[in-house]
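Each chain, written out:
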Amino acid sequence: MNMNELDNKILEVMSLVFEVPVSELNEESSQDTIESWDSVKHLNLIVALEEEFGIEIPIDEVGNMISFKLIRLIVGDLIA
Amino acid sequence: MYTLKYFDILKQNAALRETNKDIKPYRIKVLSNITCNQLKEVLSFVLYTEHVNPVITFGNYDNIIQESFQSAGEDMVVVQYDLVNILDKYATFVESFDEQELNAVQETIQSEVDLILTNLAGVPSLVWNTFSSKGVHSNALLSPKCKKLEASLNEYLQSRPNTNLNVLDINDVIAEVGVKAAYDFKMYFLSKTLYTIDFWKAYSMSLLPLVLRNSGKARKAIIFDCDNTLWKGILGEDGEAGIDMSPQTKIGKIFNKVQQIAVWLSRQGILVGLCSKNNPADVDRVLENHDEMVLRKDDIVSLRINWEDKASNLCSIAAELNIGLDSLVFVDDSSFEINLIREQLPMVHCLQVPEAIHDYPGALLKTISRYFYLTGSSADLEKKDQYKVQALRNELKNKFSSIDDYLASIELEITVVMNDSANIGRIAELTQKTNQFNLTTKRYTEAQVEAFMKTEGTTVFSVSVRDKFGDSGLTAVCVVEFDGVAIVDTFLMSCRVMGRNIEKALMDVVMREAAHRGCAKVIAKYVRSQKNESIHEFYDDMGFKCIQSENDVKVYEIATRTYVYNNLRYININN
């Protein structure tokens, strides 16, 4: 998976989980910019990412994935 | 559905929500002591596909009793009171419990069950998932205590007379998925999310028939083809002697079993019909005379044995029985016939006889358990009467008429500490995480909390809550500046302890402190956020007067001497 595909896939997952159009998401999207990103949706995000990428996100990383960039970093490492 | 990922389900739901939006909503509320939010999208998907338009909401986490007081307007309430999290509240591992402790736990839960059932008596349909010990790792023992507890609680639950109660056995669901795939302990330790998406998929399928029944969409009739569906072989070619449904032959016994199931269904009040391309006289002879037939004419309500197309035949069966096509299940071995019906009559549920014929009875039973709602035998109806006598006895026991009586019974105790420097971390965390019961939603770092504590005149109140079931820990915070007048900067409470009137007791503490320090009035604010709508009248309820209301901010004040103390007799305050 190249960088672009990875980005798009993550954005698509975020869009569905947070119920925000992809067009409103970008590199800077984070818990601060997405109003609907609460603790429950956060769990849904983790589950959706794990299934989508076939990865298991370690327990101590779950709380760190609070922005698009951090998600990309952590998911990127796990699929590498 | 089982192959769909959570991501795909979300995607499909976005479209299905639109398609189903004109269907009358079916309201389901889930009360649970674990996080089961992921049930929402999975169950919605399953129900959307069956043309139900669900509105699924969740009570506050671990607040089943309090929430059960307020479930008016729901079509269905689902209770998931999970044994895993119940037992985690105790400081001792369940297997170390002695007889007395085990009985105490059991009695506590039983009285909670009664209270919840009483409170939910007005809900049209109540689903209680059984207590399961599968997630309590102690199966190595010969006779684990958690299993004994599980068994006695479920027996108690099942013997409740409440007519709206449906007990759903989640061990069946766990067995279907497998223990390893059903639990997600990472998510459990992080956020009390105990079950996986796979579990919720299987669970949703188990809940389906009840929802279909309640919304008038349960199937009413099952229509079988004959050749290679009720018996092995083709009557027109192999002749009466050549077809096989014998309990003695390898393949015949599979069809024999299918016929047994069909007979059972007809005795359960399900309409059984036949639709087959054959000579009517041939099939008639088999039904009347063939020694090995189990299904007989008496069991069958409608027959279409002819050479016309099956879509027309199913329409005419539905018309004859005066039921909708969406009440039919159709079973046939031919891909041609199945595809024809799927295309022309998509509302008919089709089951194609599996290629691997040994899977046929299992597949049939699975279809039955999803699409039909079976009420049980007449023996069950008799039992219902015995239950009613039991009901009268129980009504006198364990019944609390109000939430106050209930709260009084749980020995609530709060400890209020001022400027507790040992807990700065937890206090800061609460300001950062609390959304629902948070009057001003101000987020503070540890350094800021520490600064408040060091500022002359500013006090950080922190509240720990416990009751007879256990300790909820530090769960409420209030920051007040006492400077001539008292100004409430922050007032928040974790949703874990909502519904116990802790906030009223804390307000009393703050007001007492204001009076003690000679503050003539107390000023407070409500700042509306996306999440705190439910408490917008908190200060009004506490007797404060709104002196200014602009955009999303309301400013309140009260003269300290006019405050009416709540003085809740059931909350013991230590400070």
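First, a word on what this report is: a plain description of the structure on this page. Because the structure is a prediction, the values reported are computed rather than measured. (Residues numbered from 1 in each chain as written. Chains lettered and ligands numbered in written order. Predicted model: local features only at pLDDT ≥ 70, side-chain atom pairs only at ≥ 80, totals over all residues. Heavy atoms only, no water.)

Right, let's get into the packing of helix H1 (residues 3–18) of chain A against helix H1 (residues 6–19) of chain B. The N-to-C vectors of H1(A) and H1(B) enclose an angle of 55°; their axes lie 10 Å apart at closest approach. When the axes of H1(A) and H1(B) are compared, the pair comes out oblique. Considering only the axes of H1(A) and H1(B), their crossing is left-handed. Packed against H1(A), whose contacting residues are A:Lys9, A:Glu12, A:Val13, A:Leu16 and A:Val17, the element H1(B) presents B:Phe7, B:Leu10 and B:Lys11 at the interface. A breakdown of the residues in the contact of H1(A) with H1(B) according to their chemical character gives five nonpolar, no polar and three charged. (Axes fitted to C-alpha atoms, helices over the stretch in contact; angles between N-to-C directions. Helix = DSSP H or I, 4+ residues; strand = E, 2+ residues; numbered from the N terminus. Parallel < 35°, antiparallel > 145°, perpendicular 65-115°, else oblique. Left-handed = near helix turned anticlockwise from the far one by under 90°. Contact = heavy atoms within 4.5 Å. Nonpolar A, V, L, I, M, F, W, Y, C, P; charged D, E, K, R; others polar.)

Right, let's talk about the side chain of A:Ser67 for a bit. Residues and elements named next belong to chain A. The topology assignment puts Ser 67 in the loop between helix H3 (59–62) and helix H4 (68–79). A distance of 3.2 Å separates a polar atom in the side chain of Ser 67 from the backbone nitrogen of Leu 70. What Ser 67 contacts, discounting residues up to four positions off in sequence, is Ser 29, Ser 30 and Trp 37. (Polar contact = N/O pair within 3.5 Å; in protein donor to acceptor, adjacent residues only side chain to side chain.)

Looking now at the packing of aromatic side chains. Residues and elements named next belong to chain B. All chains considered together, the criterion is met by 24 aromatic pairs over all chains. A connected cluster of aromatic rings, assembled from ring pairs, spans Tyr 183, Phe 185, Tyr 188, Phe 189, Tyr 195, Phe 199, Trp 200 and Tyr 203. Against the face of Tyr 156 rests Arg 160, its NZ or CZ located 3.7 Å from the ring centre. Between the NZ or CZ atom of Arg 213 and the centre of the ring of Tyr 373, over which it lies, the distance is 4.2 Å. (Phe/Tyr/Trp six-rings, centres within 6.5 Å; stacked < 30°, edge-to-face > 60°. Lys NZ or Arg CZ within 6 Å of the ring centre and 35° of its normal.)

All names here are of chain B. Taking strand neighbours across the sheet as the criterion, the five strands line up as E8-E7-E6-E9-E10 in an open arrangement whose pairing is parallel. Among the strands making up the open sheet, the edge pair consists of strand E8 (302–305) and strand E10 (349–352). Along the sheet, successive strands turn relative to each other by an average axial angle of 20°, direction set aside. With four bridges connecting them, strand E7 (residues 271–276) and E8 associate as parallel partners. Paired with Gly 273 across the two strands is Ser 302, which belongs to E8. (Pairing = 2+ DSSP bridges.)

This brings us to the nonpolar core. Residues and elements named next belong to chain B. If you look at the biggest cluster of nonpolar residues, it comprises 182 residues, and the most contacted ones within it are Tyr 203 and Phe 224. When residues in this core are grouped by element, the largest group, 11 residues, is from helix H10 (residues 197–214). In this structure, Tyr 203 is in contact with Leu 39, Val 78, Val 127, Asn 129, Leu 168, Ile 170 and Val 173, ignoring residues within four places of it in sequence. (Core = buried A, V, L, I, M, F, W, Y, C linked by side-chain atoms within 4.5 Å. Buried < 20%, exposed > 50% of the residue type's maximum accessible area, 1.4 Å probe, protein only.)

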